[in-house]
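Residues per chain, in single letters:
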Amino acid sequence: MSSDHFSPAQDRSQEVLIPLEPLKELLVKLFVRMGMFQVEAEIAADRLIEADLRGIHSHGSRTAERYLEAMDMGDIDPRAQILTISETPAIAVLDGSRGVGHVAATRAMELAIKKAREVGTGTVTVRNSHHFGAAAVYVLMAVEAGMIGYCTTNTGRATVAAHGSTEGGTANNAIAWGVPVHEGAPFVLDMACAKTSWGKLETQSLYGLPIPPGYALDSEGKATTDSTAVETLLPAAGPRGYGLAMISSILTGALAGGKLPINKRKAPEIERSEHFFYVIDLKQFVPENEFLDELASATEAIHKLKPANVNDRVQIPGELEWEMTQRAIEEGLYVHSDHASQLKELAKRVNFDVPW
């Protein structure tokens, strides 16, 4: 679930079906070619594909080329060693050492889960890292462990307007919560703090579509619906999105020993990114079945609510993306033809024959 209200761009006539196994094999080969260890290349590939499965192609395999280029330029160290700066039974501060953000974030969430299992909650920050992709994939790690997970990240320069201004005051931080359930779709809130994400704008542009009015400003601070002319995004729900972005920046940029977005001047690959992970072992607060039964009861009641649109059904956050994941696991991924072509070009680097 994202913070915007227009549906993800989708047009089967512009799309190509990609099978999952060859896609992962290709990504791993590409990352290993740049010097990544096999196990870490597989972690990065899994996180990208998990984003694709949820329909978040803007944070999935389409971004692989961007990370490969950053490795080639020396902005990302493919063999970075993740360092522990400080640690207690409940918290840890990690240094990503300019490595792949998906790897550092995965290690951090694994550590937060371990600490939560031992002492009830676990909190881990990561500094000196890079873009970690889609926030949902990390909270789902906690969900799979039967725990509640939260994460946020500091993405770069101030590109989201401060409420009441036409100029950027904070970044478009992603935040995500994940909550386990008895069966079916877990509760997953995954949102940008602006009205939409930069990746969604890229997707709209790819499909030749505009964005709704009131979402973004151009270089002159004027409202625009041209996805290619956007200079500054507007915060979701005005002061609320602005406030969420600010606290996310504080939990990452300040608490992790980095900078808040307004103090970042360079590209994200150079300035680095910071992350924050928090896990709650619900079983240490309340009997697990009692918690899951109450959530199931509430979800069932919500599903029975009268929809505003007779053709729609009322869902919980994350349910749509969960259903997309189940379909993609069975059928494969539908991606834009430009996305498929990009991957096909990358495959030439490792002499890999893609089946699409």
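Scroll up to find the structure.
First things first, this report covers the structure right here in the doc. These numbers come from a predicted model, not from an experiment. (Residues numbered from 1 in each chain as written. Predicted model: local features only at pLDDT ≥ 70, side-chain atom pairs only at ≥ 80, totals over all residues. Heavy atoms only, no water.)

Another aspect to go through is the environment of D75. With respect to the helices, strands and loops of the structure, D75 is situated in the loop between helix 3 (64-73) and strand 2 (83-87). Overall, D75 belongs to the partly exposed group, its relative accessible area being 23%. Residues D75 and P268, 193 residues apart in the sequence, show an inter-C-alpha distance of 9.6 Å. Sequence-distant contacts of D75, defined by excluding residues within four places in its chain, comprise A70, R98, H130, E269, I270 and R272. (Helix = DSSP H or I, 4+ residues; strand = E, 2+ residues; numbered from the N terminus. Buried < 20%, exposed > 50% of the residue type's maximum accessible area, 1.4 Å probe, protein only. Contact = heavy atoms within 4.5 Å.)

Turning our eyes to something else, we now look at the packing of helix 1 (residues 20-33) against helix 2 (residues 38-53). For the pair helix 1 and helix 2, the least separation of the axes is 8 Å and the interaxial angle reads 135°. Classified by the interaxial angle, the pair formed by helix 1 and helix 2 is oblique. Judged by the twist between their axes, the crossing of helix 1 over helix 2 is right-handed. Residues L20, L23, K24, L27, V28, F31 and V32 of helix 1 form the contact with helix 2, whose participating residues are Q38, A41, E42, A44, A45, D46, L48, I49, D52 and L53. (Axes fitted to C-alpha atoms, helices over the stretch in contact; angles between N-to-C directions. Parallel < 35°, antiparallel > 145°, perpendicular 65-115°, else oblique. Left-handed = near helix turned anticlockwise from the far one by under 90°.)

Moving on to the sheet that holds strand 2. In space, the 7 strands of this open sheet follow the order 2-3-4-12-5-8-9, with mixed pairing throughout. Looking at which strands have only one partner, the edges of the open sheet turn out to be strand 2 and strand 9 (187-192). On average, adjacent strands in this sheet sit at an angle of 10° to one another, irrespective of strand direction. Relative to strand 3 (residues 91-95), strand 2 runs antiparallel, the two being bridged by 4 bridges. By the bridge assignment, T84 is partnered in strand 3 with L94. (Pairing = 2+ DSSP bridges.)

For the rest of this paragraph, the subject is the side chain of N173. Relative to the assigned elements, N173 resides in the loop between strand 7 (168-170) and strand 8 (174-179). Taking relative accessible area as the criterion, N173 reaches 0% and is therefore assigned buried. Polar contacts involving the side chain of N173 include one to the main-chain carbonyl oxygen of T153, which spans 2.8 Å. For N173, the side chain forms a polar contact with the side chain of S249, separated by 3.3 Å. Apart from the residues lying within four places of it in its own chain, the contact partners of N173 are T152, T153, N154, T155, M191, A192, C193, A245, S248 and S249. (Polar contact = N/O pair within 3.5 Å; in protein donor to acceptor, adjacent residues only side chain to side chain.)

Grouped together as the largest cluster of nonpolar side chains are 35 residues, with contacts concentrated most on L26, L27, F31 and M36. Of all the secondary-structure elements, those providing two or more residues to this core are helix 1, helix 2, helix 3, strand 13 (333-336) and helix 11 (337-347). No other element matches helix 2, which puts 7 residues into this core. In contact with L26, not counting residues within four places along its chain, are L343, A347, V350, F352, V354 and W356. Grouped together as the second largest cluster of nonpolar side chains are 32 residues, M109, L111, V126 and V279 included. (Core = buried A, V, L, I, M, F, W, Y, C linked by side-chain atoms within 4.5 Å.)

Next up on the list: helix 1. Over its 14 residues, helix 1 runs 20 Å from end to end, which matches the ideal 20 Å to within 8%, given 1.5 Å per residue. For helix 1, the set of buried residues is P22, L23, L26, L27, V28, L30 and F31. The inward-facing, buried residues of helix 1 abut strand 1 (15-18), helix 2, helix 3, strand 13 and helix 11. Count one or two residues on from helix 1 and you reach G35, which has phi positive near 115°. (Expected span 1.5 Å × (residues − 1).)

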